[in-house]
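Reading the structure
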Amino acid sequence: YREILPRYSDAFETFVRLASPELTERRVASAQLVEQTTDQGLRPLELERLAALIAVEPDTLVWRNVLTAIGGDPGQTAARIVYVAMSHPDAEVRRRACLYLEAHPSARHSPMLVAALSDRNGAVLRAAVRALGHCGELADPTALESLLTGTDTEVQLLAARSLTKLGHPSGNAALERMVHSDDHRVRRGAAEAIGELGST
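Residues numbered from 1 in each chain as written. Predicted model: local features only at pLDDT ≥ 70, side-chain atom pairs only at ≥ 80, totals over all residues. Heavy atoms only, no water.

**As for helix H12 (residues 184-197)**
Short version of the rule: Counting from the N terminus, the helices are the DSSP runs of H or I reaching at least four residues and the strands are the DSSP runs of E reaching at least two. Each helix should span, by expectation, one fewer than its residue count multiplied by 1.5 Å. For every residue, the accessible area (1.4 Å probe, protein chains only) is compared with the maximum for its type, and the residue is labelled buried under 20%, exposed over 50%, or partly exposed between those bounds. The directions from the helix axis to the C-beta atoms are what the arc is built from. Under the rule applied, a polar contact is a pair of N or O atoms within 3.5 Å (in protein, one hydrogen donor and one hydrogen acceptor; residues adjacent in sequence only if both atoms are side-chain atoms).
When the terminal C-alpha atoms of H12 are compared, their 20 Å separation across 14 residues agrees well with the 20 Å that a helix rising 1.5 Å per residue should span. Here H12 has its buried residues at Val186, Gly189, Ala190 and Ala193. The buried residues of H12 occupy an angular sector of 100° when projected down its axis, which confines them to one face. Residues His184, Arg188 and Gly195 are exposed on H12 and point more than 90 degrees away from its buried face. One side-chain oxygen of the residue at the start of H12 lies 2.8 Å from the amide nitrogen of Arg185, identifying that residue as Asp183. Gly198 occupies a position one or two residues after H12 and carries a positive phi of about 65°.

Quick look at the structure:
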């Protein structure tokens, strides 16, 4: 990793710096990685090496850059990196992880996103609710349905949309109730959701 592969791969040369004990060096390397992956993603072995390095990385900025670098990769190794990001202390890292899962929808992401529904950060919660609506399948909608009775009307609306997209009747029922809300913003949001989802 340090003596041979960097001769043949710019990414592995960057990974040498990403493994540095110096935070500044790692931040520069992560920014460089974003530039290197703009036109072409990382190869399988490169991704595996990145997964090993980032798993022990505490810095928020390095994490954000890494998530940007792998943002276009739908593979399992990239998803594994994102799963680690879902438990990062920084809310913005967690939110970006949810955005990745929304951009690369799969039913296998559902457990991670359901766990994120208990996140105390509102932006992370909303991103997780939106992403769940793209997973295509959710065997147990209980956690998502519990958000329909919360105090945050935006989260309620997002939950109703996602449940409707996933084919759960509770989503349609919630949208119908919201159409009669005293809050004009809720009524408008519900009407827009019904139109966008094509819900008869």
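**Topic: the environment of Gln36**
Selection criterion: The criterion used for residue contact is that any of the two residues' heavy atoms lie within 4.5 Å.
Among the structural elements, Gln36 can be located in helix H2 (residues 23-36). Here the alpha-carbon distance between Gln36 and Ala69, two residues 33 residues apart in the chain, equals 8.1 Å. For Gln36, the contacting residues outside a window of four places in its chain are Asp10, Ala11 and Thr14.

**Some details on the environment of Gly195**
Position of Gly195 relative to the elements: it lies in helix H12. A residue is classified by how much of its surface remains accessible, and Gly195, at 56% relative accessible area, is exposed. For the pair Gly195 and His88, spaced 107 residues apart in sequence, the C-alpha separation works out to 36 Å.

**Focus on helix H4 (residues 60-69)**
Helical geometry note: an α-helix holds 3.6 residues per turn, so side chains three or four residues apart project in the same direction. Taken together, the buried positions of H4 are occupied by Val62, Trp63, Asn65, Val66, Leu67 and Ala69. For H4, the N-terminal cap is Asp59; the gap from its side-chain oxygen to the backbone nitrogen of Leu61 is 3.2 Å.

**Points about the packing of helix H1 (residues 10-18) against H2**
The test is simple: Only C-alpha atoms enter the line fits that serve as axes; for helices the fit covers just the stretch in contact. Angles between N-to-C directions range over 0 to 180 degrees. Angle categories are assigned with fixed cut-offs, so that under 35 degrees is roughly parallel, over 145 is roughly antiparallel, 65 to 115 is roughly perpendicular, and the rest are oblique. Left-handed is the label given to a crossing in which the near helix is rotated counterclockwise from the far helix by less than a right angle, and right-handed is the label when the rotation is clockwise.
Where H1 meets H2, the axes come as close as 8 Å, and the angle between the chain directions of the two elements is 160°. One element, H1, and the other, H2, form an angle in the roughly antiparallel class. Of the two elements, H1 crosses H2, and the hand of that crossing is left-handed. The segment H1 lies against H2, with Asp10, Ala11, Thr14, Phe15, Arg17 and Leu18 engaging Glu25, Arg26, Val28, Ala29, Ser30, Gln32, Leu33 and Gln36.

**Comments concerning the nonpolar core**
Applied cut-off: Working definition of a nonpolar core: buried Ala, Val, Leu, Ile, Met, Phe, Trp, Tyr and Cys residues. They are joined through side-chain atoms within 4.5 Å.
Counting residues in hydrophobic clusters, the biggest one holds 57 residues, and the most contacted among them are Phe15, Leu50, Ile81, Leu113 and Leu144. For Ile81, the residues in contact, after removing those within four places along its chain, are Leu47, Leu50, Ala51, Ile54, Trp63, Val66 and Ile70.

**Points about the packing of aromatic side chains**
We count it as follows: To pair, rings of Phe, Tyr and Trp, with the six-membered ring standing in for Trp, must have centres within 6.5 Å; the planes then decide the type, stacked if under 30 degrees apart, edge-to-face if over 60, and tilted in the middle.
This structure, assessed with the given rule, holds two aromatic pairs. Ring geometry for Phe12 against Phe15: centres 5.5 Å apart, planes inclined by 85°, an arrangement best described as edge-to-face. Here Phe12 pairs with Phe15, and both are found in helix H1, just three residues apart, close to one helical turn. Across the pair, exposure class does not vary: Phe12 and Phe15 are buried alike.

**Notes on the pattern of salt bridges**
Here is the rule: Any carboxyl oxygen of Asp or Glu that lies within 4 Å of a side-chain nitrogen of Lys or Arg is treated as forming a salt bridge with it.
The full count for this structure, using the stated rule, is 14 salt bridges. Residues Arg80 and Glu48 are paired through a salt bridge, measuring 2.9 Å at the closest nitrogen-oxygen approach. Taken together, the residues span a long stretch of sequence, with Arg80 in helix H5 (residues 76-85) and Glu48 in helix H3 (residues 44-54) at a distance of 32 residues. By relative accessible area, Arg80 is classed as partly exposed at 38%. Here Asp119 makes a salt bridge to Arg94, at a shortest N to O gap of 2.6 Å. Residue Asp119 is found in the loop between helix H7 (110-116) and helix H8 (122-132), and its partner Arg94 is found in helix H6 (residues 91-103); the two are separated by 25 residues along the sequence. For the pair Asp119 and Arg94, one class covers both residues: buried. By sharing partners, the salt bridges in this structure join Glu92, Arg95 and Arg96 into a single network.

**Brief notes about the state of the cysteines**
Convention followed: Disulfide assignment relies on a single distance test, namely cysteine sulfur atoms paired within 2.5 Å.
On inspection of all chains with the given rule, the structure shows zero disulfides. For the unlinked cysteine Cys98, the closest cysteine sulfur is that of Cys135, found at 10 Å. Looking at Cys98, the relative accessible area reads 0%, which means it is buried. With a relative accessible area of 6%, Cys135 lands in the buried category.

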